Amino acid sequence: MKRKVKFIFSFVILILLCFKNIYAKELNILSKGEETAKVTIKIFSSLTCPYCADFHLNILKNLEKDFLKNKTLKIEHHAFPLDLAALNAEKIVRCGNNMNTKFKLLDTIYEKQRQWAVGTDIGKINESLLAIGKSLNLEENKLKSCLADEGLQDEILNERINAQKKYNIDSTPTIYINEKKYKGKFFFVSIKKYIEKI
């Protein structure tokens with residue numbers, strides 16, 4: 001059943017790619033840091049991807065501590081959902097009232113990934129995602145509205161389609177630093193040294 005759902009999801013993305021007018025400008029990318037920062041790191045990730053969670057929690061957080069305070073780094077989260085559960089998780093993230101809340105939702109969704117991103121029952125997965133949203137004081141009705149919001153869904157899928165078109169993403173997480181694909185080791189020390197050389 002899980003393979004079937006992933007196949008259908010991938011098929012829908014493939015159909016959307018056939019229509020040029022579906023491409024949207026990157027208007028609502030989640031970002032933190034100064035617009036004038038010397039280094040911009042773009043992370044293309046799926047919220048059900050365990051490697052993405054590891055990168056976010058164990059590497060990106062340390063990069064933030066080292067570079068955000070001195071205003072040399074801007075961080076962008078680019079949605080690249082690989083399945084319906086990841087798509088719905090992105091909807092919950094976008095349900096935040098401001099950028100700070102959205103990043104708190106993103107943090108918590110990754111922290112609790114092993115609890116909610118399990119099984120194939122999308123109803124149960126959605127209930128777990130709603131619980132995460134409510135734990136950060138978002139109203140249940142608003143969260144449910146976000147899950148049902150087709151416009152929000154289109155925005156997220158457009159973001160993925162644009163990423164596929166512009167950056168040729170073939171796995172998650174994929175990292176671009178100043179518009180150049182990072183091909184080094186996915187260790188904090190390795191990425192830190194890469195950034196320091198820029």
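Residues numbered from 1 in each chain as written. Predicted model: local features only at pLDDT ≥ 70, side-chain atom pairs only at ≥ 80, totals over all residues. Heavy atoms only, no water.

## Considering the packing of helix α3 (residues 84-94) against helix α6 (residues 122-135)
For clarity, the cut-off: Note on geometry: axes are C-alpha line fits, over the in-contact stretch for helices, and angles between N-to-C directions span 0 to 180 degrees. Numbering of helices and strands runs from the N terminus; a helix is a DSSP stretch of H or I covering at least four residues, while a strand is a stretch of E covering at least two. Angles are sorted into four bins: roughly parallel if under 35 degrees, roughly antiparallel if over 145, roughly perpendicular if 65 to 115, and oblique for all others. Handedness of a crossing is defined here by the sense of rotation of the near helix relative to the far one, left-handed for an anticlockwise turn of less than a right angle and right-handed for a clockwise turn. Any two residues having at least one pair of non-hydrogen atoms within 4.5 Å are treated as being in contact. The nonpolar class holds Ala, Val, Leu, Ile, Met, Phe, Trp, Tyr, Cys and Pro. Asp, Glu, Lys and Arg form the charged class, and all remaining residues, Gly among them, are polar.
Here α3 crosses α6 at 25°, and the two axes come no closer than 10 Å. As summarised for this structure, α3 and α6 are arranged roughly parallel, according to the angle between their axes. Of the two possible hands of crossing, α3 and α6 adopt the one that is right-handed. Along its contact with α3, which presents L84, A85, N88, A89 and I92, the element α6 presents I122, I125, N126, L129 and L130. In the contact of α3 with α6, the residues fall into eight nonpolar, two polar and no charged.

## Comments concerning the layout of surface pockets
Rule in force here: Note on definitions: the grid is 1 Å and covers protein atoms alone; a cavity is a set of points where a 1.4 Å probe fits but cannot get out; a pocket is an open set with protein on both sides within 12 Å along at least five of seven lines; lining residues have an atom within 4 Å of a point. Grid points are joined across faces, edges and corners, and a volume is the space filled by probe spheres set on the points.
Considered as a void within the structure, the second largest pocket measures approximately 180 Å³ in volume. What lines the second largest pocket is T48, P50, A53, D54, L57, N58, Y110, E111, Q113, R114 and A117. Those elements that provide at least two residues to the lining of the second largest pocket are α2 (50-67), α4 (99-111) and α5 (113-116). In terms of residues, the lining of the second largest pocket owes the most to one element, α2, which gives five residues. Taken together, the residues of the lining of the second largest pocket sort by class into five nonpolar, three polar and three charged.

## Considerations on the confidence of the model for the chain
This is how it is decided: Confidence of the predictor in every single residue is expressed as pLDDT, which spans 0 to 100.
This prediction gives the chain a mean pLDDT of 89; 86% of its residues lie at or above 70. Residue range residues 1-8 is modelled with pLDDT below 50. Its contacts to residues more than four positions away, or to other chains, number four contacts. The low-confidence segment residues 10-26, where pLDDT is below 50, has 18 contacts with residues more than four positions distant or belonging to other chains.

## A closer look at the environment of K144
As for its placement among the helices and strands, K144 is situated in helix α7 (residues 140-148). Each C-alpha atom, one on K144 and one on I92, is 8.8 Å from the other, the two residues being 52 residues apart in sequence.

## A word on the state of the cysteines
How we decide: When two cysteine sulfur atoms are found within 2.5 Å, that pair is recorded as a disulfide. To sort residues, take the accessible area from a 1.4 Å probe on protein chains only and compare it with the maximum for the residue type: under 20% means buried, over 50% means exposed, and anything in between is partly exposed.
If you walk through the whole model with that rule in mind, you get one disulfide. Covalently, C95 is tied to C146 through a disulfide, its sulfur atoms 2.1 Å apart. Note on the C95 and C146 pair: the S-S dihedral is about 80°, so by sign convention the disulfide is right-handed. Here C146 lies in helix α7 and C95 lies in the loop between α3 and α4, a separation of 51 residues in the sequence. Under the relative-accessibility criterion, C95 is labelled buried at 1%. Its relative accessible area of 11% is what places C146 among the buried residues.

## So, the environment of Y110
In plain terms, the rule: Any pair of nitrogen or oxygen atoms within 3.5 Å is treated as a polar contact; in protein, a donor-acceptor pairing is required on top of that, and neighbouring residues in sequence qualify only through side-chain atoms on both sides.
Mapped onto the elements, Y110 comes out in helix α4. C-alpha separation for the pair Y110 and P50, spaced 60 residues apart in sequence, amounts to 8.4 Å. With near-sequence residues (within four places) excluded, Y110 lies in contact with S45, S46, L47, C49, C52, A53, H56 and L57. For Y110, the side chain forms a polar contact with the side chain of S45, separated by 3.1 Å.

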